[in-house]
Amino acid sequence: MTIVLDPSNGITAPMYGGAIASNAVTPSVSMKNRLINGAMLVDQRNAGASVTPTTNGYTLDRWQVVISQSSKFSVQQNAGSVTPPAGFINYLGCTSLAATTVGSGDYYYISQKIEGLNVADLGWGTASAQTVTISFWVRSSLTGTFGGTLINAAYSRAYPFTYTINLANTWEQKSITIAGDTTGTWATTNGTGLRVLFSMGAGSSVVGTVGSWSAT
C-alpha cells in the first residue's frame, strides 16, 4: 500500500477571515493543513532506504509505526518506484514481508502525532468543536475496505473511519469529513493533541464502530 496525504488538504479545518458590514458577511475562506510532511518529501532518517520498523519507530519524517508483531512489513519512501499521482514526487510505501494472520489483539498502523498547539483552535472537547476533513491519495495491490482512526493522546476518545480501494494498482483520492468531538480531553499544549492513524491490519478486539466518536 502506498499513501500520500494531499498537501493542499491533509487534515484540515476551515479558517475564516472577512468583513462584516451592513448585516452582510463576506468571508475569505482557506484551509489549514495540520499534518507535517504529508507529501512525504522528507526522509532524514533513512534517506530513501527500505526499513523494517519496530514498534514506535519512525520512518519518513513525522510518520511513526506502531505494531504488535515485527517483521510483517517494510516501509520506504517511493517503494517499488511507482509513479506518484499528478502533482506529487514522493509517497510512503508499505510492502508486506510475509503472509500474516491478524490475531484478535494484533494491530499494525502508521500514524502521525499532531501537536496540541496546532489543533487547539479546533475546540475539541467543547460544544464548539470544529469539523475536519482528511484528504489523501492511496494505491494498493489489494482492493476492498481499509480503515484508520482519529484518537486523542490518552487513547480514550476515538473516531474510526473506513475508505474503499476500488481498483488495484491505481491511485485513488479519498476524502473523509469528521465532525469534531464535543466531549473528552484533547490536549492543547506542546504535547500530543491528536493522532491520525492509518491501519495496515487490526484484530477484532482493537477495532470500533465506524463513523462515530467513542470513549475507547
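Look above for the structure.
Residues numbered from 1 in each chain as written. Predicted model: local features only at pLDDT ≥ 70, side-chain atom pairs only at ≥ 80, totals over all residues. Heavy atoms only, no water.

Here we look at the overall build of the protein chain
At step 1: Summing up its helical and strand segments, the protein chain has 0 helices and 12 strands in all.
At step 2: Helices and strands in the protein chain line up, N terminus first, as β-β-β-β-β-β-β-β-β-β-β-β.
At step 3: Taking all 216 residues of the protein chain together, the buried fraction comes to 44%.
At step 4: Of the contacts formed within the protein chain by residues at least 6 apart in sequence, a portion of 68% connects residues at least 24 apart.
At step 5: Roughly 10300 Å² of accessible area belongs to the protein chain as shown, and the carbon and sulfur atoms make up 51% of that amount. (Helix = DSSP H or I, 4+ residues; strand = E, 2+ residues; numbered from the N terminus. Buried < 20%, exposed > 50% of the residue type's maximum accessible area, 1.4 Å probe, protein only. Contact = heavy atoms within 4.5 Å. Areas by Shrake-Rupley, 256 points an atom, 1.4 Å probe, with all protein chains shown as cover.)

Things to note about unusual backbone geometry
At step 1: The phi dihedral of Met 40 falls on the positive side, at around 60 degrees, and the residue is not glycine.
At step 2: Secondary-structure assignment places Met 40 in the loop between strand S2 (24–33) and strand S3 (57–58).
At step 3: At Ser 71, a position not held by glycine, the phi torsion is positive, near 65 degrees.
At step 4: Counting through the fold element by element, Ser 71 comes out in the loop between strand S4 (64–67) and strand S5 (73–77).

Side note on the sheet that holds strand S9 (residues 144–151)
At step 1: The sheet built from 6 strands is open, its strands ordered S3-S4-S7-S12-S9-S10 with antiparallel pairing. Looking along the sheet, the strands with just one partner apiece sit at the ends: S3 and strand S10 (158–165).
At step 2: By the bridge criterion, 9 bridges tie strand S7 (residues 107–115) to strand S12 (residues 192–202) in an arrangement that is antiparallel. Along S12, the bridge assignment pairs Lys 113 with Arg 195. (Pairing = 2+ DSSP bridges.)

With respect to the environment of Ser 71
At step 1: Given a relative accessible area of 45%, Ser 71 falls into the partly exposed group.
At step 2: Through-space distance from the C-alpha of Ser 71 to that of Ser 96 is 9.0 Å; in sequence the pair is 25 residues apart.
At step 3: Sequence-distant contacts of Ser 71, that is, excluding residues within four places in its chain, are made with Thr 52 and Leu 97.

Digging into the nonpolar core
At step 1: Counting 36 residues, the largest nonpolar core has Ile 11, Trp 124, Leu 150, Tyr 163 and Ile 178 as its most contacted members.
At step 2: One finds Val 66, Ile 151, Ala 158 and Leu 197 within the second-largest nonpolar core, a separate group that totals 5 residues. (Core = buried A, V, L, I, M, F, W, Y, C linked by side-chain atoms within 4.5 Å.)

Observations concerning the pairing of S5
At step 1: Most of S5 sits out of view: 4 of its 5 residues are buried.
At step 2: Pairing of S5 with strand S6 (residues 92–96) involves 5 bridges; the strand directions are antiparallel. Bridging across to S6, Phe 73 finds its partner in Ser 96.

As for the pattern of salt bridges
At step 1: Under the definition given, this model contains 4 salt bridges.
At step 2: Notably, a salt bridge pairs Lys 174 with Glu 172, separated by 2.8 Å at the nearest N-O pair. Of the two residues, Lys 174 and Glu 172, neither departs from the other in class, the shared state being buried. (Salt bridge = Lys/Arg side-chain N within 4 Å of Asp/Glu carboxyl O.)

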